[in-house]
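# A closer look at the structure
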Amino acid sequence: LVSFPSGGVAVIIGASGGIGSAIMTQIASSDRFDEVIGLSRTSVPRVDLLSEGTIGAAAENLSDRSAPVRLVVDATGVLSEGGLQPEKSLKQIDAGQMAKVLAVNTIGPALLMKHFLPLLPKDGKSLFATLSARVGSIGDNHLGGWYSYRASKAALNQLVRTASIELRRRKPSAVCIALHPGTVDTKLSGSFVRTGLDVQSPAVAAMKLVSTLDTLSASQSGGFFSVDGTELPW
(Lines give C-alpha, C1' and ligand atoms only; values in the text may rest on other atoms or scores of the structure.)
Protein backbone atom coordinates (compact mmCIF):
# COMPACT_ATOMS: atom_id res chain seq x y z
CA LEU A 1 0.00 0.00 0.00
CA VAL A 2 2.83 2.34 -0.88
CA SER A 3 0.52 4.85 -2.60
CA PHE A 4 -0.88 5.87 0.80
CA PRO A 5 1.03 8.25 3.09
CA SER A 6 2.54 6.25 5.93
CA GLY A 7 0.69 6.35 9.24
CA GLY A 8 -2.98 7.02 9.63
CA VAL A 9 -5.83 4.65 10.33
CA ALA A 10 -7.39 1.93 8.19
CA VAL A 11 -10.93 0.75 8.92
CA ILE A 12 -12.57 -2.46 7.72
CA ILE A 13 -16.35 -2.66 8.16
CA GLY A 14 -17.70 -6.19 8.14
CA ALA A 15 -14.44 -7.43 9.62
CA SER A 16 -16.06 -10.51 11.15
CA GLY A 17 -16.98 -11.93 7.73
CA GLY A 18 -14.85 -14.20 5.59
CA ILE A 19 -13.61 -11.62 3.12
CA GLY A 20 -13.64 -8.75 5.63
CA SER A 21 -11.34 -10.57 8.05
CA ALA A 22 -9.01 -11.55 5.18
CA ILE A 23 -8.84 -7.92 3.98
CA MET A 24 -8.06 -6.78 7.51
CA THR A 25 -5.22 -9.32 7.80
CA GLN A 26 -3.81 -8.26 4.43
CA ILE A 27 -3.90 -4.54 5.26
CA ALA A 28 -2.38 -5.10 8.70
CA SER A 29 0.49 -7.07 7.17
CA SER A 30 1.45 -4.07 5.03
CA ASP A 31 2.54 -2.10 8.14
CA ARG A 32 1.49 1.05 6.27
CA PHE A 33 -0.96 2.27 8.89
CA ASP A 34 -0.52 3.13 12.55
CA GLU A 35 -3.77 1.37 13.37
CA VAL A 36 -6.04 -1.12 11.57
CA ILE A 37 -9.53 -1.25 13.06
CA GLY A 38 -12.16 -3.88 12.38
CA LEU A 39 -15.83 -2.99 12.85
CA SER A 40 -18.81 -5.34 12.81
CA ARG A 41 -22.02 -6.10 14.67
CA THR A 42 -19.91 -7.69 17.44
CA SER A 43 -17.07 -5.16 17.67
CA VAL A 44 -16.67 -2.35 20.19
CA PRO A 45 -17.92 0.07 19.05
CA ARG A 46 -20.37 -2.00 17.03
CA VAL A 47 -21.64 -1.21 13.55
CA ASP A 48 -25.02 -2.49 12.43
CA LEU A 49 -26.00 -1.35 8.94
CA LEU A 50 -29.65 -1.40 9.98
CA SER A 51 -28.96 1.13 12.75
CA GLU A 52 -27.65 4.54 11.68
CA GLY A 53 -27.02 5.35 15.33
CA THR A 54 -24.31 2.69 15.57
CA ILE A 55 -22.71 3.89 12.33
CA GLY A 56 -22.63 7.50 13.50
CA ALA A 57 -21.26 6.55 16.91
CA ALA A 58 -18.46 4.47 15.37
CA ALA A 59 -17.50 7.32 13.05
CA GLU A 60 -17.53 9.75 15.96
CA ASN A 61 -15.24 7.42 17.89
CA LEU A 62 -12.76 7.46 15.00
CA SER A 63 -12.89 11.24 14.68
CA ASP A 64 -11.25 11.49 18.10
CA ARG A 65 -8.08 9.77 16.85
CA SER A 66 -5.00 11.96 16.37
CA ALA A 67 -4.11 10.14 13.13
CA PRO A 68 -6.34 10.63 10.06
CA VAL A 69 -8.53 7.89 8.61
CA ARG A 70 -6.80 7.07 5.31
CA LEU A 71 -8.60 3.91 4.23
CA VAL A 72 -12.14 2.60 4.76
CA VAL A 73 -13.21 -0.73 3.26
CA ASP A 74 -16.85 -1.76 3.45
CA ALA A 75 -16.97 -5.56 3.19
CA THR A 76 -20.62 -6.02 4.14
CA GLY A 77 -23.46 -7.52 2.14
CA VAL A 78 -26.26 -10.08 2.03
CA LEU A 79 -27.33 -12.48 -0.72
CA SER A 80 -29.23 -15.14 1.20
CA GLU A 81 -30.19 -15.54 4.82
CA GLY A 82 -32.76 -17.83 6.38
CA GLY A 83 -35.76 -17.71 4.05
CA LEU A 84 -34.14 -14.98 1.96
CA GLN A 85 -32.99 -16.36 -1.39
CA PRO A 86 -32.15 -14.71 -4.73
CA GLU A 87 -35.15 -14.74 -7.06
CA LYS A 88 -35.09 -16.81 -10.24
CA SER A 89 -38.22 -15.20 -11.70
CA LEU A 90 -40.55 -12.22 -11.27
CA LYS A 91 -43.13 -14.34 -9.45
CA GLN A 92 -40.66 -14.90 -6.60
CA ILE A 93 -40.26 -11.20 -5.80
CA ASP A 94 -41.34 -10.46 -2.24
CA ALA A 95 -41.56 -6.85 -1.08
CA GLY A 96 -40.31 -7.55 2.44
CA GLN A 97 -37.33 -9.58 1.31
CA MET A 98 -36.42 -7.04 -1.36
CA ALA A 99 -36.55 -4.27 1.23
CA LYS A 100 -34.17 -6.23 3.47
CA VAL A 101 -31.65 -6.75 0.66
CA LEU A 102 -31.76 -3.05 -0.23
CA ALA A 103 -31.44 -2.08 3.43
CA VAL A 104 -28.21 -4.03 3.83
CA ASN A 105 -26.63 -3.74 0.38
CA THR A 106 -27.65 -0.20 -0.56
CA ILE A 107 -28.93 1.93 2.30
CA GLY A 108 -26.36 0.62 4.78
CA PRO A 109 -23.35 1.52 2.61
CA ALA A 110 -24.96 4.90 1.83
CA LEU A 111 -25.05 5.61 5.55
CA LEU A 112 -21.43 4.50 5.84
CA MET A 113 -20.49 7.04 3.17
CA LYS A 114 -22.55 9.69 4.96
CA HIS A 115 -20.64 9.24 8.21
CA PHE A 116 -17.20 7.99 7.14
CA LEU A 117 -16.37 10.06 4.04
CA PRO A 118 -16.16 13.26 6.15
CA LEU A 119 -13.38 11.58 8.18
CA LEU A 120 -11.04 11.37 5.19
CA PRO A 121 -8.29 14.02 5.25
CA LYS A 122 -8.07 16.87 2.74
CA ASP A 123 -4.47 16.18 1.77
CA GLY A 124 -2.73 13.01 0.58
CA LYS A 125 -4.35 9.87 -0.79
CA SER A 126 -7.30 8.47 1.12
CA LEU A 127 -9.84 5.92 -0.07
CA PHE A 128 -13.31 4.56 0.63
CA ALA A 129 -14.13 1.25 -1.08
CA THR A 130 -17.36 -0.71 -0.90
CA LEU A 131 -17.77 -4.25 -2.17
CA SER A 132 -20.26 -4.29 -5.01
CA ALA A 133 -20.80 -7.16 -7.46
CA ARG A 134 -20.49 -7.66 -11.20
CA VAL A 135 -24.11 -8.85 -11.30
CA GLY A 136 -25.01 -5.26 -10.36
CA SER A 137 -23.80 -4.14 -13.79
CA ILE A 138 -26.78 -3.31 -16.03
CA GLY A 139 -24.67 -3.48 -19.19
CA ASP A 140 -23.26 -6.89 -18.25
CA ASN A 141 -26.60 -8.48 -17.35
CA HIS A 142 -27.19 -11.30 -19.84
CA LEU A 143 -28.71 -13.97 -17.58
CA GLY A 144 -31.46 -12.20 -15.62
CA GLY A 145 -32.72 -13.38 -12.25
CA TRP A 146 -31.48 -12.29 -8.82
CA TYR A 147 -33.71 -9.21 -9.00
CA SER A 148 -33.18 -7.83 -5.51
CA TYR A 149 -29.45 -8.48 -5.32
CA ARG A 150 -28.78 -7.07 -8.79
CA ALA A 151 -30.89 -3.99 -8.09
CA SER A 152 -29.25 -3.39 -4.71
CA LYS A 153 -25.76 -3.44 -6.19
CA ALA A 154 -26.73 -1.34 -9.22
CA ALA A 155 -28.14 1.27 -6.84
CA LEU A 156 -24.99 1.05 -4.70
CA ASN A 157 -22.86 1.79 -7.76
CA GLN A 158 -24.92 4.92 -8.47
CA LEU A 159 -24.54 6.05 -4.85
CA VAL A 160 -20.76 5.61 -5.07
CA ARG A 161 -20.60 7.62 -8.27
CA THR A 162 -22.76 10.40 -6.82
CA ALA A 163 -20.84 10.55 -3.53
CA SER A 164 -17.54 10.71 -5.39
CA ILE A 165 -18.63 13.89 -7.17
CA GLU A 166 -19.44 15.63 -3.90
CA LEU A 167 -16.27 14.27 -2.30
CA ARG A 168 -14.09 15.61 -5.14
CA ARG A 169 -15.24 19.15 -4.48
CA ARG A 170 -14.10 19.03 -0.87
CA LYS A 171 -11.26 16.52 -0.89
CA PRO A 172 -9.73 16.28 -4.37
CA SER A 173 -7.13 13.68 -3.35
CA ALA A 174 -9.71 11.24 -1.96
CA VAL A 175 -11.00 8.18 -3.82
CA CYS A 176 -14.48 6.63 -3.52
CA ILE A 177 -15.01 3.42 -5.53
CA ALA A 178 -17.03 0.23 -5.87
CA LEU A 179 -15.16 -3.08 -6.10
CA HIS A 180 -16.21 -6.47 -7.42
CA PRO A 181 -14.23 -9.06 -5.40
CA GLY A 182 -14.83 -11.94 -7.80
CA THR A 183 -16.34 -15.22 -6.68
CA VAL A 184 -15.05 -15.87 -3.18
CA ASP A 185 -15.46 -19.02 -1.12
CA THR A 186 -17.44 -17.45 1.72
CA LYS A 187 -20.75 -17.96 3.47
CA LEU A 188 -22.35 -15.29 1.24
CA SER A 189 -21.74 -17.06 -2.07
CA GLY A 190 -20.96 -20.65 -1.09
CA SER A 191 -24.24 -22.32 -2.04
CA PHE A 192 -24.57 -20.34 -5.30
CA VAL A 193 -21.19 -21.09 -6.85
CA ARG A 194 -21.54 -22.72 -10.26
CA THR A 195 -19.14 -25.31 -11.58
CA GLY A 196 -16.52 -23.76 -13.83
CA LEU A 197 -16.29 -20.43 -12.04
CA ASP A 198 -12.94 -19.20 -10.81
CA VAL A 199 -13.57 -19.48 -7.06
CA GLN A 200 -10.97 -17.75 -4.90
CA SER A 201 -10.17 -18.21 -1.25
CA PRO A 202 -10.78 -15.12 0.92
CA ALA A 203 -7.01 -14.70 1.38
CA VAL A 204 -6.33 -14.66 -2.36
CA ALA A 205 -9.24 -12.30 -3.07
CA ALA A 206 -8.10 -9.97 -0.28
CA MET A 207 -4.56 -9.87 -1.64
CA LYS A 208 -5.85 -8.91 -5.10
CA LEU A 209 -8.30 -6.34 -3.75
CA VAL A 210 -5.71 -4.62 -1.59
CA SER A 211 -3.27 -4.58 -4.51
CA THR A 212 -5.93 -2.90 -6.66
CA LEU A 213 -6.62 -0.30 -3.96
CA ASP A 214 -2.95 0.63 -4.14
CA THR A 215 -3.16 1.36 -7.88
CA LEU A 216 -6.25 3.59 -7.82
CA SER A 217 -5.92 7.36 -7.90
CA ALA A 218 -8.24 10.32 -7.44
CA SER A 219 -8.81 10.49 -11.21
CA GLN A 220 -10.55 7.09 -10.95
CA SER A 221 -12.81 8.06 -8.07
CA GLY A 222 -16.42 7.12 -8.68
CA GLY A 223 -15.49 4.07 -10.73
CA PHE A 224 -16.57 0.43 -10.62
CA PHE A 225 -13.64 -1.99 -10.72
CA SER A 226 -13.07 -5.73 -10.74
CA VAL A 227 -10.72 -7.44 -8.32
CA ASP A 228 -7.89 -7.20 -10.88
CA GLY A 229 -8.35 -3.46 -11.40
CA THR A 230 -10.30 -3.74 -14.65
CA GLU A 231 -13.03 -1.11 -14.97
CA LEU A 232 -16.48 -2.69 -15.23
CA PRO A 233 -19.48 -1.46 -17.24
CA TRP A 234 -22.33 0.20 -15.39
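Residues numbered from 1 in each chain as written. Predicted model: local features only at pLDDT ≥ 70, side-chain atom pairs only at ≥ 80, totals over all residues. Heavy atoms only, no water.

The next subject is the nonpolar core. Judged by nonpolar contacts, the single largest core of 35 residues is most densely connected at V11 and F116. When contributions to this core are tallied by element, the ones reaching two or more residues are β1 (9-13), β2 (35-39), α2 (52-63), β3 (69-74), α3 (95-116), α4 (147-170) and β5 (174-180). It is α3 that contributes the most residues to this core, six residues altogether. Discounting residues that sit within four places of it in the chain, F116 has contacts with V11, I13, L39, I55, A58, A59, L62, V72 and F128. Grouped together as the second largest cluster of nonpolar side chains are 28 residues, A15, A22, I23 and L209 included. (Core = buried A, V, L, I, M, F, W, Y, C linked by side-chain atoms within 4.5 Å. Buried < 20%, exposed > 50% of the residue type's maximum accessible area, 1.4 Å probe, protein only. Helix = DSSP H or I, 4+ residues; strand = E, 2+ residues; numbered from the N terminus. Contact = heavy atoms within 4.5 Å.)

This part takes up the packing of aromatic side chains. A full pass over the atoms with the stated rule returns three aromatic pairs. Between the aromatic rings of W146 and Y149, the centroid separation amounts to 6.0 Å while the plane-to-plane angle is 80 degrees, which identifies the pairing as edge-to-face. The class of W146 is partly exposed, set by a relative accessible area of 24%. Lying over the aromatic face of F4, K125 brings its terminal NZ or CZ to 4.5 Å of the ring centre. (Phe/Tyr/Trp six-rings, centres within 6.5 Å; stacked < 30°, edge-to-face > 60°. Lys NZ or Arg CZ within 6 Å of the ring centre and 35° of its normal.)

This paragraph deals with the side chain of S137. Residue position: S137 is located in the loop between β4 (126-131) and α4. The exposure class assigned to S137 is buried, which follows from its relative accessible area of 2%. Setting aside anything within four residues of it in sequence, one finds S137 in contact with F224, P233 and W234.

Moving on, we get to α3. Compared with an ideal rise of 1.5 Å per residue, which puts 22 residues at 32 Å, α3 spans 30 Å between its outermost C-alpha atoms and is within 8% of the ideal. A103 marks the point of greatest bend in α3, at about 40 degrees. Listed as buried for α3 are V101, A103, V104, N105, T106, G108, P109, L111, L112, M113 and F116. Near the N-terminus of α3, the side chain that reaches the backbone nitrogen of G96, with its oxygen 3.1 Å away, is that of D94. (Expected span 1.5 Å × (residues − 1). Bend = angle between axes of the 7 residues up to and from the residue. Polar contact = N/O pair within 3.5 Å; in protein donor to acceptor, adjacent residues only side chain to side chain.)

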